[in-house]
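# Coordinate inspection notes
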Amino acid sequence: MVTLIEFFDKDTLKNILAPISLKPDKVVFIYDNGLKDMSYFLSLKKCLSNHIPDIILERVPVNVSSIDDIYYKTLEVIDRNENCIIEFTGGSELMMIAGYMAGSRREAKLVYTDIIQGKIINIHDKKDVFKTARLTLSDFIDAKGACFLGNSHDEPNENEFRKIIEMCRYIFDNINEWKTTCSFFQIAVSNMMPDELNLKSRISLSFKNGKKVSPNKDMLNKFLKLGFIEDLNMTKENIRFKFVKKRYKQYMIGFGVWLELYVYISAKMSGVFDDVRLGSVIDWNAYDGINIAGNEIDVIIMDNSMPVFISCKLREADTAALNELVIARKRLGGWFSKNIIVAFGKDKQKNTGTYKRAKELGIDLLDMRDIKSREFPQILVDTIRGQDLVSLKWTKV
């Protein structure tokens, strides 16, 4: 039986990458006795069991301020188990020192995980290198004790990607017309049943404040041409058409969803990412028996076992949007994750205060010029792959 000894860490990736990669028979987590919430370990067991069905998980509390307590308890774990491997990526400094002392005394195998390089390295034999496994978003969600509640928007099928991208670009080039047209759709469908697809309305509708709004005819014809609506009929006073699908109806009443779709499809079509999800709605506590969603994350990407959180704003970026991303990163990804905001403003071009603040927080910002570029998918890939987590570690926030 192979036993992997882990020092429990706040950073999720440090707790799960080595066990999932090495697939031991047992994992023993040595943790700070100040931690009282044992649901952390229920979550880890769920995550690891998906990869190692018969995994045995044990936990050993220690006084993290006492090197003697950590040392002797680590020795006890080694003595009552066989074929022990001690992994030194997580935990406190004293845990690493005491663990190294105990492991060396008992001649256990000592390894370190280079997360960025994707390698598990034998400390005493640099030639003994093991490649880390590729993690999924579900691994992170399970390990954090969270769960997916679904998607705020239904993901499109691959055969729809081209026409959605074409519609997105048309909307980006006619953003003011989209504002009025989307407002019209939102008012018009408010009187429809959720599953109803046939829209009949006067061509001019009123907001509650009495302001009139009408759809842009060219934009309606574009939706018709690309197959989002059918049977379009317009007169001076009335309009009627049919949404081709319930999902298209959902897209057409969401002002900002087209940028989310654009980023999602661009990431999917790049073909370089392990997983891409649109509009993930997450319950951050799967064990309280209550389905309460936290912040929706517009697009989540998995790239080489690291989550990338992307916020999409069909307007200029602001501080609130930056803070949402920082919170998502802390909740799910920890230090080994990446943040990007894609916003329909000129913050990057003008080097605004918001852009500077984003850089301080370790968030890359793509703006209108990037969005409208025909090379956007490559820009997105280069931005994600170009984030240097090592240098970000020393960024002043």
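Scroll up for the structure.
Just so we're clear, the structure is a prediction, and the values are computed from it rather than from any experiment.

What counts and how
By convention here, each chain's residues receive numbers from 1 onward along its written sequence. Only residues with pLDDT of 70 or above have their local features reported here, since the model is predicted, and side-chain atom pairs are shown and tallied only from 80 upward, although totals for entire chains, interfaces and linings are computed over all residues. To obtain the side-chain values, all non-hydrogen atoms of the structure were included, while hydrogens and water were left out. By this definition, two strands are paired if DSSP reports at least two bridges between them. Secondary structure follows DSSP: runs of H or I at least 4 residues long count as helices, runs of E at least 2 residues long count as strands, and numbering of each begins at the N terminus. Fitted lines through C-alpha atoms give the axes, limited to the stretch in contact for helices. The angle between two N-to-C directions lies from 0 to 180 degrees. Relative accessibility thresholds used throughout: buried, under 20% of the residue-type maximum; exposed, over 50%; partly exposed, between the two (1.4 Å probe, protein chains only). Contacts were defined at the residue level, with two residues in contact if any of their heavy atoms lie within 4.5 Å. Pairs of N or O atoms are called polar contacts if they sit within 3.5 Å, as long as, within protein, a hydrogen donor faces a hydrogen acceptor (for residues adjacent in sequence, only side-chain-to-side-chain pairs). Residue types Ala, Val, Leu, Ile, Met, Phe, Trp, Tyr and Cys, when buried and joined through side-chain atoms within 4.5 Å, form a set referred to as a nonpolar core.

Attention shifts here to the sheet that holds strand β17 (residues 338-343). The strand order across the open sheet built from 6 strands is β8-β14-β15-β16-β17-β18, with neighbouring strands paired in mixed fashion. Looking at which strands have only one partner, the edges of the open sheet turn out to be β8 (147-151) and β18 (363-366). Between one strand axis and the next, the sheet turns by 40 degrees as a mean value, whatever way the strands run. Direction of pairing for β8 relative to strand β14 (residues 275-283): antiparallel, over a ladder of 4 bridges. In the strand pairing of β14, Asn151 is matched with Ser280.

Along the chain, the position of Cys84 falls in strand β4 (residues 84-87). For Cys84, a relative accessible area of 9% corresponds to the buried category. In contact with Cys84, not counting residues within four places along its chain, are Thr3, Ile5, Val77, Ile78, Ala108 and Lys109.

Once that is clear, we can look at the environment of Ser190. Position of Ser190 among the secondary structure elements: in the loop between α7 (175-189) and β9 (198-202). Look at Ser190 and you get exposed, because its relative accessible area is 52%. One polar contact links the side chain of Ser190 to the main-chain carbonyl oxygen of Ile187, over a distance of 2.5 Å.

Counting residues in hydrophobic clusters, the biggest one holds 62 residues, and the most contacted among them are Trp178, Phe223, Trp258 and Ile310. A total of 9 residues in this core trace back to one element, the largest contributor, which is helix α10 (residues 257-270). Ignoring any residue separated from it by four or fewer positions in sequence, one finds Trp178 in contact with Ile171, Phe185, Met219, Phe223, Met252, Gly254, Phe255, Trp258 and Leu314. Within the second largest apolar cluster, 51 residues are counted, among which are Leu48, Ile85, Ile120 and Ala146.

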